[in-house]
Amino acid sequence: FLQKPLEVTQVREMVRRILEKQGGAQIYEDYLALAKELIGERDFEVAAVYAQKAVFLNPDRPEALNLLGGIAEVKRNRQEAREYYLAALKVDPDYAWAQLNLERMDSRAYAQRNIAWG
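In this report, the structure presented in the accompanying data block is examined. (Residues numbered from 1 in each chain as written. Predicted model: local features only at pLDDT ≥ 70, side-chain atom pairs only at ≥ 80, totals over all residues. Heavy atoms only, no water.)

**Focus on the overall build of the protein**
Operational definition: Helix and strand assignments follow DSSP, with helices taken as H or I runs no shorter than four residues and strands as E runs no shorter than two, numbered in order from the N terminus. Exposed residues in this analysis have more than 50% of their type's maximum accessible area, buried residues have under 20%, and partly exposed residues fall in between, with area computed by a 1.4 Å probe over protein chains only. The criterion used for residue contact is that any of the two residues' heavy atoms lie within 4.5 Å.
Secondary structure assignment for the protein yields 6 helices and 0 strands. Going from N to C terminus, the protein has its helices and strands arranged as α-α-α-α-α-α. When burial is assessed residue by residue, the protein has 37% of its 118 residues classed as buried. By sequence separation, contacts in the protein at least 24 residues apart represent 49% of the contacts at least 6 residues apart.

This is the structure:
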C-alpha cells in the first residue's frame, strides 16, 4: 500500500523489498519497519496504515498493535491507545513495550512524550 502523493524513492524501496522477500512473516516485518520509520518522521497517518496492514498479516504478534497504541496516544485518543496496548498484551502477556505504555498511562504523572515504541 502506498499513499499519495507518491515519492519515487518510497515506491522503489517498497517494490524492491517485496521482490526480495518471500512469505508473510517477512512482509509483516517490512510493514513494521516502514511504520517505525514513518513514526520517526512523525508521519503518523501513514505509519498507522502500515501498522494496520502488519496486524492484518499477522494478528498473533504484538508489535504492530503497540505501535497503533502509540499512534492513538499521539492523536490524543487515550482510550483507543489503551485498547491497542491491551490487545498487544492479549496476544503476548509478556510484551514489555505494551506493559510499559500501560503503566505510564496509569501513572499519576501521565506524559505522552515517553511512549515506548519498541
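**Considerations on the packing of aromatic side chains**
Under the convention used in this document: Aromatic rings from Phe, Tyr and Trp, with only the six-membered ring used for Trp, were paired whenever their centres fell within 6.5 Å, and each pair was classed as stacked if the ring planes differed by under 30 degrees, edge-to-face if by over 60, and tilted otherwise.
Counted according to the given criterion, the structure contains 2 aromatic pairs. Ring geometry for tyrosine 31 against tyrosine 50: centres 5.7 Å apart, planes inclined by 35°, an arrangement best described as tilted. With tyrosine 31 in helix H2 (residues 24-40) and tyrosine 50 in helix H3 (residues 44-57), this residue pair connects regions lying 19 residues apart in the sequence. Judged on exposure class, the residue tyrosine 31 and its partner tyrosine 50 are both buried. With a centroid separation of 6.4 Å and an interplanar angle of 20°, the aromatic rings of phenylalanine 44 and tryptophan 117 are classed as stacked. With a gap of 73 residues between them, phenylalanine 44 in helix H3 and tryptophan 117 in the segment after helix H6 (96-106) connect regions that are remote in the sequence. You can call tryptophan 117 partly exposed: its relative accessible area is 24%.

**Points about unusual backbone geometry**
A positive phi angle is found at arginine 42, which is not glycine, with a value near 65°. Mapped onto the elements of the fold, arginine 42 is located in the loop between H2 and H3. Looking at arginine 42, the relative accessible area reads 60%, which means it is exposed. Positive phi values are uncommon outside glycine, yet arginine 76 reaches one of about 65°. Secondary-structure assignment places arginine 76 in the loop between helix H4 (63-74) and helix H5 (78-91). Of the residues examined, arginine 76 reaches a relative accessible area of 69% and is grouped as exposed.

**Points about the nonpolar core**
Convention followed: Only buried residues count toward a nonpolar core, which is a set of Ala, Val, Leu, Ile, Met, Phe, Trp, Tyr and Cys residues joined through side-chain atoms within 4.5 Å.
Tyr50, Ala64 and Tyr85 are the most contacted members of the largest nonpolar core, which totals 31 residues. Elements with a contribution of two residues or more to this core: H2, H3, H4, H5 and H6. If one sorts the elements of this core by residue count, H3 sits on top with 8 residues. Those residues in contact with alanine 64 that lie beyond four places of it in its chain are Tyr28, Leu32, Ala51, Ala54 and Val55.

**Re the packing of H5 against H6**
Convention followed: Axes here mean lines fitted to C-alpha atoms, for a helix over just the part in contact, with angles spanning 0 to 180 degrees between N-to-C directions. Whether a crossing is left-handed or right-handed is set by the direction in which the near helix is turned from the far one by less than a right angle, anticlockwise for left-handed and clockwise for right-handed. By the convention adopted, Pro, Cys, Tyr, Trp, Phe, Met, Ile, Leu, Val and Ala count as nonpolar, Lys, Arg, Asp and Glu as charged, and the other residues, Gly among them, as polar.
Contact pair H5 / H6: the axes reach a minimum separation of 9 Å and the direction vectors enclose 145°. In this structure, H5 crosses over H6, and the sense of that crossing is left-handed. Here Arg78, Ala81, Arg82, Tyr85, Leu86, Ala88 and Leu89 of H5 lie close against H6, whose contacting residues are Ala98, Gln99, Asn101, Leu102, Arg104, Met105 and Asp106. Classifying every residue of the contact of H5 with H6 gives 8 nonpolar, 2 polar and 4 charged.

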